[in-house]
Amino acid sequence: APTNVPSSVTELLIQKVDMGLENPISLIELENWVRGYKDLHHEWKEDFQYSEFLEMFCLVLIDFLMKKDKTEAVEKVFDFLQIMHMDIPSIDHFLISKLFHSLHYFNFEKV
């Protein structure tokens, strides 16, 4: 688990993911917030690392998805993490889009 993530950021992630999984519009808002956190991270001023933020986001997301029994969506989160750990420059934007597309599908389209 990411060790440098301040507890206030973890609590904020829990709140944001909970709200983000409510409906398609809130999921888009969550995606925009996750993207924006790379540049606007007021709660995490020292030693900020976007990769650690994304890892903690994924852990929180997996927890919520497991509670909703969305195992196929959890697989997509692990796919995201696997590619993210390859440290390919500038791939964050693409990976986040792909992940949120999957989250939308498995939470709001697939019956």
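Residues numbered from 1 in each chain as written. Predicted model: local features only at pLDDT ≥ 70, side-chain atom pairs only at ≥ 80, totals over all residues. Heavy atoms only, no water.

## Overview of the confidence of the model for the protein
Reasoning step 1: Here the protein shows a mean pLDDT of 92. Residues at 70 or above account for 97%.
Reasoning step 2: Element-level mean pLDDT values for the protein span from 93 in helix 5 (residues 92–109) up to 96 in helix 2 (residues 24–36). (pLDDT = per-residue confidence, 0-100. Helix = DSSP H or I, 4+ residues; strand = E, 2+ residues; numbered from the N terminus.)

## Re the pattern of salt bridges
Reasoning step 1: With the rule as written, the count across this model stands at three salt bridges.
Reasoning step 2: Among the salt bridges present, the one from Lys38 reaches Asp92, with a minimum N-O distance of 3.5 Å. Placement of the pair is Lys38 in the loop between helix 2 and helix 3 (50–67) and Asp92 in helix 5, with a sequence separation of 54 residues.
Reasoning step 3: Since its relative accessible area comes to 41%, Lys38 is described here as partly exposed.
Reasoning step 4: Linking Lys67 and Asp63 is a salt bridge whose minimum nitrogen-to-oxygen distance equals 3.1 Å. Pair noted here: Lys67 and Asp63 are both in helix 3, with a separation of four residues, about one helical turn. (Salt bridge = Lys/Arg side-chain N within 4 Å of Asp/Glu carboxyl O. Buried < 20%, exposed > 50% of the residue type's maximum accessible area, 1.4 Å probe, protein only.)

## Some details on the nonpolar core
Reasoning step 1: Within the largest apolar cluster, 37 residues are counted, with the highest numbers of intra-cluster contacts made by Val34, Phe53, Phe57, Leu61 and Phe80.
Reasoning step 2: Where this core is concerned, the elements lending two or more residues are helix 1 (7–20), helix 2, helix 3, helix 4 (71–84) and helix 5.
Reasoning step 3: By residue number, the principal contributor to this core is helix 3, which donates 11 residues.
Reasoning step 4: If we ignore the near neighbours within four places in the chain, the residues touching Phe80 are Leu54, Cys58, Leu95, Ile96 and Leu99. (Core = buried A, V, L, I, M, F, W, Y, C linked by side-chain atoms within 4.5 Å. Contact = heavy atoms within 4.5 Å.)

## Some points on the packing of helix 3 against helix 5
For any two helices packed against each other, the geometry comes down to the angle between their axes and how far apart the axes lie.
Reasoning step 1: Where helix 3 meets helix 5, the closest approach of the two axes is 13 Å, and the angle between their N-to-C directions is 10°. Here helix 5 runs roughly parallel to helix 3, going by the angle between their axes. Only Asp92, Ile96, Leu99, Phe100, Leu103 and Asn107 of helix 5 make contact with helix 3, whose side of the interface consists of Tyr50, Leu54, Phe57, Leu61 and Leu65.
Reasoning step 2: Residue classes in the contact of helix 3 with helix 5 are distributed as nine nonpolar, one polar and one charged. (Axes fitted to C-alpha atoms, helices over the stretch in contact; angles between N-to-C directions. Parallel < 35°, antiparallel > 145°, perpendicular 65-115°, else oblique. Nonpolar A, V, L, I, M, F, W, Y, C, P; charged D, E, K, R; others polar.)

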